Each structure stands twice: as C-alpha cells, then as structure tokens.
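Examining the three-dimensional arrangement
The residues making up each chain are set out below.
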Amino acid sequence: MINNLTTATALDVALKIQSRLPFDQIAEHARNDYAISAQYFEGFAKGQNIVISCMSGLGISEKLRDIFQEVLGQQISLVTMDFSHLQQSVRANDRSEFESTLLVITTTNLPKSFTIPNINIYDLLTPDGQVFLHDVLKPYVDQPTFDDLYNRIVRFLSIEGVTERLSFLNPSVIIQEVETVIYKFEHYYHVKLDGKIKLNLYMHISLMVERLMTGAGATQANDLTPENTQEQEFFDVAKGICKPLELKYHIDINGYELSLLYQLFQAIVSDGDTPRIDS
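A brief report on the enclosed structure follows. Keep in mind it's a predicted model, so treat the numbers as computed, not measured.

A separate point is the side chain of S53. Topologically, S53 is positioned in strand β1 (residues 49–53). Within the local environment of S53, its side chain forms a polar contact with the backbone nitrogen of F83, the two atoms lying 3.5 Å apart.

Both faces of the sheet carry side chains from a regular strand, because those side chains alternate between them. Among the six residues that make up strand β3 (residues 101–106), six are buried, leaving the element largely enclosed by the rest of the structure. In the sheet, β1 pairs with β3 via five bridges, with the strands oriented parallel. Following the sheet pairing, N49 is matched in β3 by T101. Note: β3 against strand β4 (residues 118–120), three bridges, orientation parallel. Across the sheet, I105 pairs through a bridge with I119, a residue of β4.

Moving on, we get to the packing of helix α8 (residues 195–214) against helix α11 (residues 255–270). Packing of α8 against α11 leaves a shortest axis separation of 11 Å and a crossing angle of 175 degrees. Our classification of the angle between α8 and α11 gives roughly antiparallel. Mapping the contact onto sequence places I197, N200, L201, H204, I205, M208, R211 and L212 in α8 and E257, L260, L261, L264, F265 and I268 in α11. Considering only residue class, the contact of α8 with α11 consists of ten nonpolar, two polar and two charged.

Take the packing of aromatic side chains next. Evaluation of the coordinates by the stated rule reveals nine aromatic pairs. Geometrically, the ring pair formed by Y188 and Y189 is edge-to-face, given 5.0 Å between the ring centres and 85 degrees between the ring planes. Exposure remark for Y188: the relative accessible area of 36% places this residue in the partly exposed category. On the basis of an interplanar angle of 25 degrees and a centroid distance of 6.4 Å, the ring pair of Y189 and F265 is categorised as stacked. In this pair, Y189 sits in helix α7 (residues 171–189) while F265 sits in helix α11, placing the two residues 76 residues apart along the sequence. For F265, a relative accessible area of 2% gives the class buried. Connected via pairs of aromatic rings, a cluster forms that spans F185, Y188, Y189, F234, Y262 and F265.

This part is about the nonpolar core. Generally speaking, soluble globular proteins have nonpolar side chains that are buried together. Ranked by internal contacts, the top residues of the largest apolar core, which has 64 residues, are I50, F68, L137, I153, F185 and F234. Setting aside residues up to four positions removed in sequence, I153 forms contacts with I67, F68, I121, L124 and L133.

This paragraph deals with helix α9 (residues 229–241). With 13 residues, α9 should cover 18 Å at 1.5 Å per step; its first-to-last C-alpha distance of 18 Å lies within 8% of that length. Taken together, the buried positions of α9 are E231, F234, F235, V237, A238 and I241. At its buried positions, α9 is contacted by α7, α10 (243–249) and α11. The backbone nitrogen of Q230 lies 3.2 Å from a side-chain oxygen of the residue at the head of α9, namely N228.

Rules behind the numbers
Residues numbered from 1 in each chain as written. Predicted model: local features only at pLDDT ≥ 70, side-chain atom pairs only at ≥ 80, totals over all residues. Heavy atoms only, no water. Helix = DSSP H or I, 4+ residues; strand = E, 2+ residues; numbered from the N terminus. Polar contact = N/O pair within 3.5 Å; in protein donor to acceptor, adjacent residues only side chain to side chain. Buried < 20%, exposed > 50% of the residue type's maximum accessible area, 1.4 Å probe, protein only. Pairing = 2+ DSSP bridges. Axes fitted to C-alpha atoms, helices over the stretch in contact; angles between N-to-C directions. Parallel < 35°, antiparallel > 145°, perpendicular 65-115°, else oblique. Contact = heavy atoms within 4.5 Å. Nonpolar A, V, L, I, M, F, W, Y, C, P; charged D, E, K, R; others polar. Phe/Tyr/Trp six-rings, centres within 6.5 Å; stacked < 30°, edge-to-face > 60°. Core = buried A, V, L, I, M, F, W, Y, C linked by side-chain atoms within 4.5 Å. Expected span 1.5 Å × (residues − 1).

Have a look at this one:
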C-alpha cells in the first residue's frame with residue numbers, strides 16, 4: 001500500500017491488521033474513511049491477474065488496461081503498476097508479489113532473471129508475440145474474442161504512433177477508416193496480416209491521405225502507370241477499396257501513391273510466411 005500516513009491512521013490500520021481483517025478490506029476502509037489517497041497492488045490478490053506497467057507513466061498503462069478489461073471482463077484482474085515499483089520487484093526477483101500473475105506487459109524489456117512471463121507491448125505486434133499472448137489467454141477466451149482483443153491492441157498502438165505524425169487529421173477517425181481498407185485487402189488477397197505489418201499500413205495509408213489533402217509530394221510522378229498486368233490488377237482493386245477515402249477527403253489516389261501501396265502489398269503477398277485465410 002502507498003500512503004502518506006498520519007500517526008492516528010497508522011494505529012488504526014495496525015489495529016485492523018491485528019484483528020486479521022483481509023487486506024483488500026483494509027484498503028477499502030482506507031479509501032473511504034481516511035482523508036488520503038490509498039492504492040494497493042492487486043498482485044497480492046488471490047485471483048489471476050495481468051500486470052501492465054509503462055515506463056512513460058500510468059497513462060498508457062491505464063488505456064491498455066481498459067482495452068483488456070473491455071474484452072476479458074472480470075475473468076482476469078488487470079493491474080496497472082508504477083514502473084519504478086516494478087523495477088524494484090524485478091531487481092529483488094520478488095515472486096511473492098506476482099504469485100497469481102499470468103503475465104507482465106511493459107514498454108521495455110525485462111531481464112531474463114525475472115521468471116514471471118513477460119513481454120514488451122511492441123513485441124506483441126510480431127507473429128511470435130501474438131502467439132505468446134494467445135497461449136497465455138487461451139484458457140480464458142475463445143479465438144474470436146482473442147482476435148478482437150489483439151486487433152484493439154494494434155489499433156491503439158497505431159493511434160499512438162500516428163498521433164505524433166499527423167498534422168490535422170483526427171487519428172482515431174482515420175485509423176478506423178484505414179482498418180476497413182486493410183480488412184478488404186486481407187480478404188481480397190486471402191492473407192492474415194500480423195500486427196507489425198498492420199501498424200506499418202496504418203501509418204502509411206493515414207499519412208498518404210493527409211499528404212494528398214495538403215498537396216505534399218505533388219512533384220512526384222503522379223501519372224505513374226502500372227508496369228504489368230499484376231500491378232494493373234492491384235491499381236484497379238486498390239482504387240475500389242480506397243474509394244470511400246477519396247470521396248470523404250476529396251482526394252485522388254494517384255499512380256505514384258498506388259505504386260507505393262503495390263510495393264508494400266507485393267512484398268506481403270509474395271512472402272511465404274504470411275498466413276493465408278480461406279477464400
């Protein structure tokens with residue numbers, strides 16, 4: 001528990017401990033009865049939990065916690081932990097605090113000496129990271145629920161990244177629209193894109209829309225034409241898929257931008273490691 005305790009408060013807490021009152025009830029009394037801010041880490045709790053701790057502060061941790069909670073409900077407790085507190089526990093290799101912890105998610109890599117399952121949130125974007133998270137959660141969620149959770153995580157991380165690069169487009173709105181574009185490309189080419197590739201596409205297409213709206217890069221070869229039938233097919237498909245973006249933002253996705261998209265998708269589709277989905 002983390003508090004600035006007065007002597008009277010400390011004595012009252014001590015009496016409750018002597019009375020063998022459960023720890024969570026002591027914390028609840030502290031929250032309601034004392035003029036202080038009480039916080040306790042649920043890592044001490046008996047229930048299964050996931051700890052989320054971000055070096056940049058609790059803000060990102062709380063957003064990630066909310067995403068997990070919305071999908072997982074009450075099956076697993078979600079605990080946000082101050083990063084300095086986590087560091088102390090890691091250095092002490094204190095397993096007692098994480099007795100019921102299924103997973104620790106951070107924004108930095110933890111040392112191998114820390115034996116509780118853990119992962120850097122950005123590593124979740126890789127195929128191996130996706131499998132790792134699925135293995136941890138599969139006793140608690142079915143495949144559609146996991147897919148929903150994973151897509152929300154990728155969307156959230158994409159918004160965080162795009163926010164820093166866009167000048168005036170609303171990141172949350174454009175990301176949602178780009179998500180639909182990516183979904184249509186996946187189903188046309190019968191591929192299942194991993195989080196890292198999706199993040200790259202979220203970035204590229206969002207910035208492409210803003211670039212076309214502002215006229216940036218207009219000196220490029222806008223009238224670039226397809227070099228072969230395969231590229232021509234992509235140009236035609238991409239224009240159809242991106243038509244809602246063109247209409248809403250009053251842009252024309254020119255030959256140069258289509259050729260950049262083609263290079264991205266050609267690499268993805270021709271990669272033998274890209275998972276396929278049924279047609």
